[in-house]
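Understanding the architecture of this molecule
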Amino acid sequence: MKKHIAFWILAASLLFGFVQGQTMKIADIGQDTVRLPANHNEFLEVPFRIINLSNDTIQVTAARTVNDTASGHGTFFCWDICYGFGTNESISFLEIAPGDTTIQTYIDFEANGVNGVTTAVMEFTNLANRETLSRTYTFQVGELTSNDRSFSTSEFSLPYPNPASNQIFVDLQIPNLSPDNELILFNLQGLEVKKQGIETGSMNQVLSVDDMEAGTYFL
């Protein structure tokens, strides 16, 4: 019987938490940083997906703990319902079954044609054990103001095939990669199970998984 290995994309900020030994029952799947052309004036919907890593159905609330908007910018978020600028905490929770994720949850950004940087921090709470998961979303309109950057899901593909049995491929759209960049796989317990340096100069990365046990992993 052919084994199957499934993968999720997990943000780097959460991976650092795993490396530090935290036991996470919930995790967020999405992108952190969004950069837009100058004078962008449309609503931008950025989804977040909270995955339940436990064996029990859990109840999770959402709150916007920071809403640092540039002049002319605005944000709102949708959880159980949609919440505008003046409301920062959800009035209810979402139930997430074991191994399942939320659907139709997102933060929405409105630039109104104004250049600048807006930051919104979302915090998700597992009501069963009060575990919290914090996630920072940065929206930058116009020219970059520093050399700091985060990779977004627009710059690398989901691993494919998914599920996989022997190897996975990841397509990159990131120029000037450093030899220090790596692809890292973590299991559901947050333990690093495989690491591979990125081949510079190649937009198509290949990672062998034929020596791994069947299961679900984070990339």
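Structure first, text after, so check above.
A brief look at the structure comes next. This structure is a prediction, so every number in the text was calculated from the model and none was measured.

Within the protein chain, the regular secondary structure consists of one helix and 17 strands. The burial tally for the protein chain puts 44% of its 219 residues in the buried class. Expressed as a percentage of contacts within the protein chain between residues at least 6 apart in sequence, the contacts between residues at least 24 apart total 67%. Looking at the protein chain as shown, the accessible area adds up to about 11,500 Å², and 49% of this sits on carbon and sulfur atoms.

What follows covers the sheet that holds strand β6 (residues 58–68). Here five strands make up an open sheet; going across it, the order is β3-β12-β11-β6-β9 and the pairing mixed. Looking at the sheet topology across the chains shown, the edges are occupied by β3 (33–36) and β9 (94–96). Across the sheet, the axes of successive neighbouring strands diverge by a mean angle of 25°, strand direction being ignored. Of the pairings in the sheet, the one linking strand β11 (residues 116–126) to strand β12 (residues 131–141) comprises 11 bridges and is antiparallel in character. When the bridges of β12 are listed, Thr125 appears paired with Thr132.

Examined against the element boundaries, Asp108 turns out to sit in strand β10 (residues 106–110). With 62 residues separating them along the chain, Asp108 and Val46 place their C-alpha atoms 6.2 Å apart. A polar contact is formed between the side chain of Asp108 and the backbone nitrogen of Leu44, at a distance of 3.4 Å.

What counts and what doesn't
As a convention, each chain's residues are numbered from 1 in the sequence order in which they are written. Only residues with pLDDT of at least 70 get local features here, since the model is predicted, and only at 80 or more are side-chain atom pairs given and counted; chain-wide, interface and lining totals rely on the full set of residues. Where side-chain values are given, they derive from all heavy atoms of the structure, hydrogens and water being excluded. Under the scheme used here, helices are H or I runs from DSSP no shorter than 4 residues and strands are E runs no shorter than 2 residues, and both carry numbers assigned from the N terminus. The rule is simple: take the accessible area with a 1.4 Å probe, protein chains only, and divide by the maximum for that residue type; under 20% is buried, over 50% is exposed, in between is partly exposed. Throughout, a contact is declared for two residues whenever any of their heavy atoms are within 4.5 Å. Reported accessibility uses the Shrake-Rupley method at a 1.4 Å probe radius. Residues are deemed covered only where the shown protein chains occlude them. Strands were regarded as paired on the criterion that DSSP finds at least two bridges between them. The angle between two axes is taken between their N-to-C directions and runs from 0 to 180 degrees, where each axis is a line fitted to C-alpha atoms and a helix contributes only its stretch in contact. Nitrogen and oxygen atoms within 3.5 Å of one another constitute a polar contact, given that in protein one can donate a hydrogen and the other can accept it, and given that sequence-neighbouring residues count only through two side-chain atoms.

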